[in-house]
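# Chains, contacts and geometry: an overview
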Amino acid sequence: MRALRYSIVLALLLVIVILSRCKKDTSDPDVSGTLWNGATPYTFKIPEGFPTPNIPADNPMTVEGIKLGRFLFYDPRLSKDSSMSCGSCHHPRFAFADETPSSKGIHGDQTRRNSMPLFNLAWQQNFFWDGRVTSLEDQALLPVTDQLELDNSWETVVKRLEADSVYPAMFKAAFGPDAITKENAAKAIAQFERSIVSAGSEMDKVVRLKTKTAFDDARARQGMEFFETPVPAGADCFHCHGVQSTAYIMGSLGVLQFSNNGLDKPEDRLIDRGREEVTGNPDDRALFKIPSLRNIALSRPYMHDGSIPDLDSIVEFYNSGGDTTGNTDILLRHPGLGLERNWTIEQKESLLAFLRSLTDYDYISNPDYQDPFDN
Ligand code: HEC
Ligand code: HEC
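Residues numbered from 1 in each chain as written. Chains lettered and ligands numbered in written order. Predicted model: local features only at pLDDT ≥ 70, side-chain atom pairs only at ≥ 80, totals over all residues. Heavy atoms only, no water.

When helices and strands are counted, the protein shows 15 helices and two strands. Put simply, the protein has 375 residues, and 49% of those count as buried. Relative to all contacts within the protein whose residues are 6 or more apart in sequence, the contacts with residues 24 or more apart total 63%. On the protein, roughly 19200 Å² of surface is accessible, and the fraction owed to carbon and sulfur atoms is 56%. (Helix = DSSP H or I, 4+ residues; strand = E, 2+ residues; numbered from the N terminus. Buried < 20%, exposed > 50% of the residue type's maximum accessible area, 1.4 Å probe, protein only. Contact = heavy atoms within 4.5 Å. Areas by Shrake-Rupley, 256 points an atom, 1.4 Å probe, with all protein chains shown as cover.)

Set out below in structure tokens:
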């Protein structure tokens, strides 16, 4: 009897194995693994006028995934000595950037570049100043093992999470049983990052939503016109940091994602080659991701190397035209105009007023984005 029962069980197991292998062989290679459907789908509120966000088919946003991602983002146990989290260099108060020119990791060593603000990432295609990563899931794996940042191993992180009192249940709710893996941790962090949206600045209210009839500071309207007018009459910023149809991003988009805005002197371009480090193409030397200007008043210091301390200095930098040698973008060279643009004080002040109107206070104070360990 017992032998018969065993052989039935064995035969059944064999059938299951064969069936599951067949399924694997015929499945669509683009849809990776089996998706856990026990989590609650997240209703992504896409702001009016924003296009469809880029959400990978194998990582749909869920309420449980975003919650888990938020805990991981702010959890110092991701770092070797449990002293720093993603949130240490990406703090909501500074539009998820930090205050130092080049961020410091757990050993106090400086990273190579200035921390980047985080918002509207679901609409972006390239990450880091040189765009070396094209998926938020891939990006989220890197800071943990980067020796200059969190200097840890994912094995250690996974062990710590498994031993924790709350994470096993959170991972299970988001991704199903046996779900504590680095890939799922990265997926959760990416979901949380995609949920961080900024669309409520004064500029949005006046220009995009028209729920407000005028800027509080009247100079901001003139500043926007100046920003959107080509040289020689205007400041000509819109080619790279678009306002109107691309207001959701105000930075890198479509064909114009990387540019050399004349910040670096020729010798600096050899220290940080920017986009060239990714493509190997010398034409890409010192090209950097064109950053969004949303919330710009919050995320100083500026530029990939944090070398510009404040907005006044930004305006002075563009007024002087920067370094026009090498592959500085043609849009900034303005042949025949010389280096100095000689803006008037009124023009400079209007530009500053416009840049300040891009701050979104709803976004920085949104309780859903704050550190869940802060009580
Ligand atoms: C030690 C400070 C530090 C820590 C910790 C850190 N970051 Fe960053 N982050 C940076 C810096 C600096 C850059 C820009 C690096 C570059 O361009 O090479 C950056 C860039 C990014 C970007 C690209 C944004 C864009 O617009 O292209 C994302 C996304 C990001 N970090 C997410 C994270 C996540 C998630 C974590 C935790 C797993 C994390 N960071 C931990 C400093 C840090
Ligand atoms: C040809 C494209 C181009 C034009 C035109 C341009 N920018 Fe930029 N801007 C960039 C790039 C690229 C960077 C990043 C450069 C770097 O880090 O080396 C940048 C950086 C900035 C930053 C710093 C952002 C940050 O997060 O650190 C501000 C502010 C800024 N630009 C404002 C302006 C203003 C104001 C104008 C018009 C006067 C303007 N830009 C015109 C390409 C451009």
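This part takes up the packing of helix α12 (residues 311-320) against helix α14 (residues 345-356). Relative to each other, α12 and α14 sit at 125°, their axes nearing to 10 Å. Classified by the angle between their axes, α12 and α14 sit oblique to one another. Of the two elements, α12 crosses α14, and the hand of that crossing is right-handed. Here α12 contributes Leu311, Asp312, Val315, Glu316 and Asn319 to the contact with α14, which in turn contributes Lys348, Leu351, Leu352, Leu355 and Arg356. A breakdown of the residues in the contact of α12 with α14 according to their chemical character gives five nonpolar, one polar and four charged. (Axes fitted to C-alpha atoms, helices over the stretch in contact; angles between N-to-C directions. Parallel < 35°, antiparallel > 145°, perpendicular 65-115°, else oblique. Left-handed = near helix turned anticlockwise from the far one by under 90°. Nonpolar A, V, L, I, M, F, W, Y, C, P; charged D, E, K, R; others polar.)

Let us now look at the coordination of the iron atom of ligand 1. Think of it this way: four donors in a tetrahedron around the metal ideally sit 109.5 degrees apart, and six in an octahedron ideally sit 90 or 180 degrees apart. Just one protein ligand coordinates the iron atom of ligand 1, and it is His90 (NE2) at 2.1 Å. Checked against the element boundaries, histidine 90 lands in the loop between α3 (86-89) and α4 (136-145). (Donors = N, O, S within 2.8 Å, 3.2 Å for Na, K, Ca; no water.)

We now examine the pattern of salt bridges. Taken as a whole, this structure holds 20 salt bridges when the rule is applied. Between arginine 113 and aspartate 130 there is a salt bridge, and its shortest N-O distance comes to 3.0 Å. Linking arginine 113 in the loop between α3 and α4 with aspartate 130 in the loop between α3 and α4, this pair joins segments that are 17 residues apart in sequence. Of the two residues, arginine 113 and aspartate 130, both sit in the buried class. The partner of arginine 113 in a salt bridge is aspartate 272, with the nearest N and O atoms 2.7 Å apart. Taken together, the residues arginine 113 in the loop between α3 and α4 and aspartate 272 in the loop between α10 (268-271) and α11 (276-279) connect sequence positions 159 residues apart. Given the relative accessible area of 7%, aspartate 272 is considered buried. Among the charged side chains, a salt-bridge network with shared partners connects Arg112, Arg113, Asp130, Arg132, Asp272 and Glu277. (Salt bridge = Lys/Arg side-chain N within 4 Å of Asp/Glu carboxyl O.)

Moving on: the site of ligand 1. Taken together, the neighbourhood of ligand 1 is formed by 29 residues, with Cys86, Cys89, His90, Phe128 and Lys289 sitting nearest. A distance of 2.8 Å is found between an oxygen atom of ligand 1 and a backbone nitrogen or oxygen belonging to phenylalanine 128. A distance of 3.4 Å separates a nitrogen atom of ligand 1 from a polar atom in the side chain of glutamine 139. Structurally, ligand 1 is housed in the largest pocket. Elements supplying a minimum of two residues to the shell around ligand 1: α3, α4 and α7 (182-195). The element contributing the most residues to the shell around ligand 1 is α4, with four residues. Across the shell around ligand 1, the residue classes tally to 13 nonpolar, ten polar and six charged. (Near = heavy atom within 4 Å. Polar contact = N/O pair within 3.5 Å; in protein donor to acceptor, adjacent residues only side chain to side chain. 1 Å grid on protein atoms, 1.4 Å probe; cavity = no way out; pocket = protein on both sides within 12 Å on 5 of 7 lines; lining within 4 Å. Sits in = over half its atoms within 2 Å of the grid points.)

With that settled, consider unusual backbone geometry. With an omega dihedral of 0°, the bond running from valine 231 to proline 232 counts as a cis peptide bond. Cis geometry is adopted by the peptide bond preceding proline 301, which originates at arginine 300 and carries an omega value of -5°. With respect to the helices, strands and loops of the structure, proline 301 is situated in the loop between β2 (288-289) and α12. At aspartate 151, a position not held by glycine, the phi torsion is positive, near 45°.

This next bit is on the layout of surface pockets. Taken as a whole, the largest pocket encloses approximately 810 Å³ of empty space. In terms of lining, the largest pocket is formed by 37 residues, of which the most central are His90, Met116, Phe128, Gln139 and Glu149. Elements with a contribution of two residues or more to the lining of the largest pocket: α3, α4 and α7. The biggest single contributor to the lining of the largest pocket is α4, with five residues. (Points joined across faces, edges and corners; volume = space filled by probe spheres on them.)

Donor atoms from the polypeptide that coordinate the iron atom of ligand 2 comprise His241 (NE2) and Tyr318 (OH), at 2.0 to 2.1 Å from the metal. Classification of the site at the iron atom of ligand 2 as octahedral follows from its six donor atoms and the range of 86 to 180° in their angles at the metal. Linking histidine 241 in the loop between α9 (219-228) and β1 (258-259) with tyrosine 318 in helix α12, this pair joins segments that are 77 residues apart in sequence. Just as histidine 241 is buried, tyrosine 318 falls in that class too. (Tetrahedral: all angles 85-135°; square planar, octahedral: opposite > 155°, others 65-115°.)

Here we come to the environment of valine 243. Tracing the sequence through the fold places valine 243 in the loop between α9 and β1. Note on valine 243: relative accessible area 2%, which makes it buried. Distance in space between the C-alpha atoms of valine 243 and valine 207 is 9.1 Å, their sequence separation being 36 residues. The residues touching valine 243, leaving out its near neighbours within four places in the chain, are Met203, Met224, Phe227, Glu228, Met250 and Phe354.

With that settled, consider the side chain of aspartate 98. Of note, aspartate 98 is situated in the loop between α3 and α4. At 8.6 Å, lysine 104 is the nearest oppositely charged side chain to aspartate 98, a buried residue that forms no salt bridge. For aspartate 98, the side chain forms a polar contact with the side chain of threonine 100, separated by 3.4 Å. At a separation of 3.0 Å, a polar atom in the side chain of aspartate 98 contacts the side chain of serine 103. Non-local contacts of aspartate 98, meaning those with residues more than four positions away in its chain, are made with Ser88, Cys89, Ser103, Asn114, Ser115, Arg300 and Pro301. (Lys, Arg positive; Asp, Glu negative; His and termini not counted.)

On their own, these measurements won't tell you what the molecule is for.
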